[in-house]
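A closer look at the structure
Residue strings, one per chain:
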Amino acid sequence: MSNENLITDSRKSRSKLGLVVTGVIGGSLVALYAVSGPFVAPALRRICLPFVPATPTQVENVLCALRHRRGTLVDIGSGDGRIVIAAARRGFQASGFELNPWLVWYSRYRAWREGVHQSTAFHISDLWKVSFSQYSNVVIFGVPQMMEQLEVKLTDELPSSAKVVACRFPFPTWVPEQTVGEGIDTVWVYDGRTFKSNETRLYQGNKTT
(Lines give C-alpha, C1' and ligand atoms only; values in the text may rest on other atoms or scores of the structure.)
Protein backbone atom coordinates (compact mmCIF):
# COMPACT_ATOMS: atom_id res chain seq x y z
CA MET A 1 0.00 0.00 0.00
CA SER A 2 1.37 3.43 -0.94
CA ASN A 3 2.13 6.14 1.55
CA GLU A 4 -0.67 8.22 0.01
CA ASN A 5 -3.23 5.49 0.72
CA LEU A 6 -1.94 5.09 4.27
CA ILE A 7 -2.34 8.82 4.89
CA THR A 8 -5.87 8.75 3.44
CA ASP A 9 -6.87 5.76 5.60
CA SER A 10 -5.39 7.44 8.66
CA ARG A 11 -7.39 10.60 8.02
CA LYS A 12 -10.59 8.58 7.59
CA SER A 13 -9.95 6.75 10.87
CA ARG A 14 -9.39 9.99 12.71
CA SER A 15 -12.54 11.43 11.19
CA LYS A 16 -14.61 8.43 12.27
CA LEU A 17 -13.09 8.57 15.76
CA GLY A 18 -13.89 12.25 15.97
CA LEU A 19 -17.52 11.59 15.05
CA VAL A 20 -17.76 8.84 17.66
CA VAL A 21 -16.22 11.03 20.38
CA THR A 22 -18.50 13.92 19.45
CA GLY A 23 -21.52 11.66 19.56
CA VAL A 24 -20.58 10.24 22.94
CA ILE A 25 -19.96 13.69 24.43
CA GLY A 26 -23.15 15.07 22.93
CA GLY A 27 -25.20 12.15 24.19
CA SER A 28 -23.67 12.44 27.64
CA LEU A 29 -24.50 16.14 27.82
CA VAL A 30 -28.10 15.50 26.77
CA ALA A 31 -28.42 12.74 29.38
CA LEU A 32 -26.84 14.94 32.05
CA TYR A 33 -29.24 17.78 31.24
CA ALA A 34 -32.22 15.44 31.31
CA VAL A 35 -31.29 14.18 34.76
CA SER A 36 -29.92 17.31 36.42
CA GLY A 37 -31.96 19.97 34.62
CA PRO A 38 -35.11 19.51 36.71
CA PHE A 39 -33.07 19.76 39.91
CA VAL A 40 -31.76 23.22 39.10
CA ALA A 41 -34.64 24.58 37.03
CA PRO A 42 -37.09 27.00 38.66
CA ALA A 43 -39.51 25.10 40.84
CA LEU A 44 -42.33 27.63 40.63
CA ARG A 45 -43.64 29.43 37.59
CA ARG A 46 -44.79 32.82 38.84
CA ILE A 47 -41.63 33.46 40.84
CA CYS A 48 -38.26 31.98 39.90
CA LEU A 49 -37.49 29.72 42.86
CA PRO A 50 -34.52 27.49 42.01
CA PHE A 51 -33.81 24.28 43.89
CA VAL A 52 -31.14 24.93 46.52
CA PRO A 53 -30.94 22.11 49.07
CA ALA A 54 -31.30 23.04 52.73
CA THR A 55 -28.14 22.60 54.76
CA PRO A 56 -28.17 20.18 57.71
CA THR A 57 -27.99 23.20 60.02
CA GLN A 58 -31.03 24.78 58.37
CA VAL A 59 -33.00 21.56 58.80
CA GLU A 60 -32.06 21.40 62.48
CA ASN A 61 -32.98 25.08 62.96
CA VAL A 62 -36.42 24.45 61.46
CA LEU A 63 -37.00 21.48 63.75
CA CYS A 64 -35.73 23.47 66.73
CA ALA A 65 -38.17 26.28 65.94
CA LEU A 66 -41.03 23.75 65.89
CA ARG A 67 -39.82 21.54 68.75
CA HIS A 68 -42.95 22.09 70.86
CA ARG A 69 -45.33 21.72 67.94
CA ARG A 70 -47.21 18.74 66.54
CA GLY A 71 -49.89 18.04 63.95
CA THR A 72 -49.75 18.78 60.25
CA LEU A 73 -46.80 20.42 58.52
CA VAL A 74 -46.29 21.59 54.96
CA ASP A 75 -43.05 22.52 53.21
CA ILE A 76 -43.76 24.95 50.38
CA GLY A 77 -41.35 24.22 47.54
CA SER A 78 -40.19 20.99 49.17
CA GLY A 79 -37.30 20.24 46.80
CA ASP A 80 -35.77 16.84 47.52
CA GLY A 81 -38.01 16.31 50.56
CA ARG A 82 -35.44 16.59 53.32
CA ILE A 83 -37.50 18.97 55.50
CA VAL A 84 -40.65 16.85 55.13
CA ILE A 85 -38.79 13.62 55.91
CA ALA A 86 -37.01 15.13 58.93
CA ALA A 87 -40.33 16.49 60.24
CA ALA A 88 -42.01 13.11 59.83
CA ARG A 89 -39.27 11.56 61.94
CA ARG A 90 -40.19 14.04 64.70
CA GLY A 91 -43.84 13.00 64.67
CA PHE A 92 -45.41 15.43 62.19
CA GLN A 93 -47.83 14.38 59.47
CA ALA A 94 -45.79 16.18 56.83
CA SER A 95 -46.51 17.19 53.25
CA GLY A 96 -44.49 18.85 50.52
CA PHE A 97 -45.63 20.83 47.51
CA GLU A 98 -43.22 21.05 44.60
CA LEU A 99 -43.76 21.90 40.93
CA ASN A 100 -40.82 19.84 39.71
CA PRO A 101 -41.99 16.22 39.16
CA TRP A 102 -38.46 14.76 39.25
CA LEU A 103 -37.94 16.16 42.73
CA VAL A 104 -41.34 14.91 43.90
CA TRP A 105 -40.64 11.37 42.68
CA TYR A 106 -37.21 11.46 44.28
CA SER A 107 -38.74 12.70 47.56
CA ARG A 108 -41.25 9.86 47.57
CA TYR A 109 -38.47 7.37 47.00
CA ARG A 110 -36.41 8.84 49.87
CA ALA A 111 -39.40 8.76 52.21
CA TRP A 112 -40.03 5.10 51.34
CA ARG A 113 -36.36 4.21 51.74
CA GLU A 114 -36.19 5.91 55.14
CA GLY A 115 -39.40 4.33 56.40
CA VAL A 116 -41.57 7.44 56.78
CA HIS A 117 -43.72 7.14 53.65
CA GLN A 118 -46.88 6.63 55.74
CA SER A 119 -46.32 9.95 57.50
CA THR A 120 -45.44 11.95 54.37
CA ALA A 121 -47.09 13.08 51.16
CA PHE A 122 -45.55 14.86 48.20
CA HIS A 123 -47.62 16.75 45.64
CA ILE A 124 -46.76 18.13 42.21
CA SER A 125 -48.38 21.53 42.38
CA ASP A 126 -47.88 25.28 42.06
CA LEU A 127 -48.10 26.87 45.51
CA TRP A 128 -50.31 29.68 44.21
CA LYS A 129 -52.97 27.13 43.20
CA VAL A 130 -53.11 25.34 46.57
CA SER A 131 -54.87 26.24 49.81
CA PHE A 132 -52.81 25.71 52.97
CA SER A 133 -55.74 26.12 55.36
CA GLN A 134 -55.47 22.56 56.68
CA TYR A 135 -51.89 22.97 57.95
CA SER A 136 -50.90 24.16 61.40
CA ASN A 137 -47.17 24.39 60.64
CA VAL A 138 -45.72 25.92 57.46
CA VAL A 139 -42.11 25.99 56.27
CA ILE A 140 -40.99 28.08 53.32
CA PHE A 141 -37.60 28.50 51.64
CA GLY A 142 -38.53 31.51 49.53
CA VAL A 143 -36.97 34.38 47.63
CA PRO A 144 -37.59 38.09 48.35
CA GLN A 145 -39.74 38.57 45.23
CA MET A 146 -42.42 36.18 46.49
CA MET A 147 -42.57 36.90 50.21
CA GLU A 148 -44.98 39.84 50.09
CA GLN A 149 -47.51 37.92 47.99
CA LEU A 150 -47.10 34.89 50.20
CA GLU A 151 -47.80 37.00 53.30
CA VAL A 152 -51.23 37.84 51.91
CA LYS A 153 -52.00 34.27 50.87
CA LEU A 154 -51.01 32.73 54.21
CA THR A 155 -52.77 35.41 56.23
CA ASP A 156 -55.99 34.67 54.36
CA GLU A 157 -55.71 30.88 54.54
CA LEU A 158 -54.00 29.82 57.76
CA PRO A 159 -55.71 29.39 61.13
CA SER A 160 -54.64 31.67 63.97
CA SER A 161 -53.02 28.68 65.68
CA ALA A 162 -50.52 28.27 62.83
CA LYS A 163 -46.78 28.74 63.00
CA VAL A 164 -44.81 29.79 59.92
CA VAL A 165 -41.07 29.25 59.60
CA ALA A 166 -39.29 31.25 56.91
CA CYS A 167 -35.80 30.20 55.86
CA ARG A 168 -33.10 32.31 54.14
CA PHE A 169 -35.37 35.37 53.81
CA PRO A 170 -37.88 36.84 56.31
CA PHE A 171 -41.33 38.12 55.46
CA PRO A 172 -41.31 41.87 54.70
CA THR A 173 -43.96 43.14 57.17
CA TRP A 174 -44.62 40.30 59.61
CA VAL A 175 -42.86 40.58 62.97
CA PRO A 176 -41.17 37.29 64.00
CA GLU A 177 -41.72 35.98 67.50
CA GLN A 178 -38.20 34.51 67.45
CA THR A 179 -35.25 33.72 65.24
CA VAL A 180 -33.14 30.58 65.32
CA GLY A 181 -29.59 30.31 63.98
CA GLU A 182 -27.46 32.88 62.22
CA GLY A 183 -26.21 33.84 58.77
CA ILE A 184 -27.64 31.88 55.85
CA ASP A 185 -28.98 29.27 58.28
CA THR A 186 -31.23 31.75 60.12
CA VAL A 187 -34.93 30.90 60.34
CA TRP A 188 -37.68 33.33 61.34
CA VAL A 189 -40.69 32.05 63.28
CA TYR A 190 -44.09 33.75 62.96
CA ASP A 191 -47.21 33.22 65.06
CA GLY A 192 -50.57 33.12 63.30
CA ARG A 193 -52.32 35.02 66.07
CA THR A 194 -49.93 37.92 65.57
CA PHE A 195 -50.00 38.31 61.81
CA LYS A 196 -53.74 37.64 61.54
CA SER A 197 -54.60 40.14 64.28
CA ASN A 198 -52.36 42.75 62.66
CA GLU A 199 -54.14 42.19 59.37
CA THR A 200 -57.52 42.60 61.10
CA ARG A 201 -56.44 45.86 62.73
CA LEU A 202 -55.13 47.14 59.40
CA TYR A 203 -58.41 46.24 57.69
CA GLN A 204 -60.50 47.94 60.41
CA GLY A 205 -58.28 51.00 60.26
CA ASN A 206 -58.79 51.26 56.50
CA LYS A 207 -62.57 51.03 56.96
CA THR A 208 -62.67 53.98 59.36
CA THR A 209 -60.62 56.28 57.11
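Our subject is the structure that appears above.
The shown structure was predicted, so the numbers you read here are calculated from the model rather than taken from an experiment.

Some thoughts on helix α4 (residues 101–113)
Taking 1.5 Å of rise per residue, the 13 residues of α4 would be expected to cover 18 Å, and the 18 Å separating its terminal C-alpha atoms lies within 8% of that figure. Restricting attention to buried positions, one finds in α4 the residues Leu-103, Val-104, Ser-107, Arg-110 and Ala-111. Looking straight down α4, one finds its buried side chains confined to an arc of 125 degrees; they lie on one side. Sitting at the head of α4, Asn-100 places a side-chain oxygen 3.0 Å from the backbone nitrogen of Trp-102. Once α4 ends, the next one or two residues include Gly-115, with phi positive near 75 degrees.

Observations concerning the nonpolar core
Core analysis: the biggest nonpolar cluster contains 26 residues, and Val-62, Leu-66, Leu-73, Val-139, Val-165, Cys-167 and Val-187 have the highest contact counts within it. When contributions to this core are tallied by element, the ones reaching two or more residues are α2 (56–65), α3 (82–89), α4, β4 (137–141), β5 (163–167) and β7 (187–191). With residues near it in sequence (within four places) discarded, Leu-66 still touches Leu-73, Phe-92, Asn-137, Val-139, Lys-163 and Val-165. Membership of the second largest hydrophobic core comes to 24 residues, among which are Val-74, Val-143, Val-164 and Tyr-190.

Section: the pattern of salt bridges
All told, the structure shown has ten salt bridges when counted by the stated rule. Asp-191 is the salt-bridge partner of Lys-163, the closest N and O atoms lying 2.8 Å from each other. Remark: Asp-191 occurs in strand β7 and Lys-163 occurs in strand β5; sequence separation between them is 28 residues. Under the relative-accessibility criterion, Lys-163 is labelled buried at 12%. Where Arg-193 meets Asp-191, a salt bridge forms, and the shortest distance between an N and an O atom there is 3.1 Å. Under the relative-accessibility criterion, Arg-193 is labelled exposed at 56%. For Asp-191, a relative accessible area of 6% gives the class buried. One continuous salt-bridge network, built from bridges that share partners, spans Asp-80, Arg-82, Arg-89, Arg-110, Arg-113 and Glu-114.

Focus on the sheet that holds β4
Pairing in this open sheet of seven strands is mixed, and the strands run β3-β2-β1-β4-β5-β7-β6 from one edge to the other. Both outer strands of the open sheet, β3 (120–124) and β6 (178–180), are each paired with one neighbouring strand and no more. Mean inter-strand twist for the sheet, computed between neighbouring axes without regard to direction, equals 20 degrees. The pairing of β4 with β5 spans five bridges and is classified as parallel. In the sheet register, Val-138 faces β5, and the bridge partner there is Val-164. Here α4 sits on the sheet and contacts β2 (93–98) and β3; the angle it forms with β3, its principal contact strand, is near 170 degrees.

Reading the values: the criteria
Residues numbered from 1 in each chain as written. Predicted model: local features only at pLDDT ≥ 70, side-chain atom pairs only at ≥ 80, totals over all residues. Heavy atoms only, no water. Helix = DSSP H or I, 4+ residues; strand = E, 2+ residues; numbered from the N terminus. Expected span 1.5 Å × (residues − 1). Buried < 20%, exposed > 50% of the residue type's maximum accessible area, 1.4 Å probe, protein only. Arc of directions from axis to C-beta. Polar contact = N/O pair within 3.5 Å; in protein donor to acceptor, adjacent residues only side chain to side chain. Core = buried A, V, L, I, M, F, W, Y, C linked by side-chain atoms within 4.5 Å. Contact = heavy atoms within 4.5 Å. Salt bridge = Lys/Arg side-chain N within 4 Å of Asp/Glu carboxyl O. Pairing = 2+ DSSP bridges. Axes fitted to C-alpha atoms, helices over the stretch in contact; angles between N-to-C directions.

Spatial relationships are all this shows, so hold off on functional conclusions.
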